[in-house]
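The residues making up each chain are set out below.
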Amino acid sequence: MAVLVSGCGGQSTTASTASTASASPAAATAAATPSPALTITDPWIKTGGKGMTAAFGTLVNNTDAELTVVSGASPLSPTVELHEVVDSGGKMVMRPKKGGFVVPARGSHQLAPGGDHIMLMGVTGKVEPGAEVPFTLTLADGSTLQFTAIGKDFAGGKENYQPGEGKH
């Protein structure tokens, strides 16, 4: 599953010309729709009760320039942070990722349990298997990526959360 990124206030338009009218509908749509700058494949969110949970997937950069995701939001949680997992004194701990997620030009950046992820804190409801949770990620240039993550059971992720660590 790939999801499109949209620019601030930008809307896609489809040009209708004689040359595209004679082409197949799929070819006309492909010709008129620019490739999105950033997509996410297989977005999912860990099921669970109130408190904290995390979302994962693979960010894919379709441009020739590096892209940086600097923040996230979801109606499921009042606090959404971009996190990394690091070794701290022999323990794996989660902390906010300084500078956000950098997705290399024409490359990808994996969000996975035990690594970089989107952390939701203060979740007030339960995430059930199959739930559809909307997200918005904001890039350094102000553009956004909107997507829906699907609730999945996952028993891993034995990291410890240390509130406030890494914040400045």
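Quick notes on the rules
- Residues numbered from 1 in each chain as written.
- Predicted model: local features only at pLDDT ≥ 70, side-chain atom pairs only at ≥ 80, totals over all residues.
- Heavy atoms only, no water.
- Salt bridge = Lys/Arg side-chain N within 4 Å of Asp/Glu carboxyl O.
- Helix = DSSP H or I, 4+ residues; strand = E, 2+ residues; numbered from the N terminus.
- Buried < 20%, exposed > 50% of the residue type's maximum accessible area, 1.4 Å probe, protein only.

J.: I tried to follow the pattern of salt bridges on my own but got confused; where do I start?
T.: Two side chains with opposite charge may pair up if their charged atoms get near one another. Counted by the stated rule, this structure contains five salt bridges. With a closest N to O distance of 2.8 Å, Asp64 and Arg106 form a salt bridge. Here Arg106 lies in the loop between strand E7 (101-103) and strand E8 (108-111) and Asp64 lies in the loop between strand E3 (51-61) and strand E4 (67-73), a separation of 42 residues in the sequence. Just as Asp64 is exposed, Arg106 falls in that class too. With its nearest N and O atoms 3.7 Å apart, the salt bridge here joins Glu84 to Lys97. Of this pair, Glu84 sits in strand E5 (residues 79-88) while Lys97 sits in the loop between strand E6 (91-96) and E7, and the two are 13 residues apart along the sequence. Under the relative-accessibility criterion, Glu84 is labelled buried at 13%. Assessed through its relative accessible area of 23%, Lys97 is described here as partly exposed.

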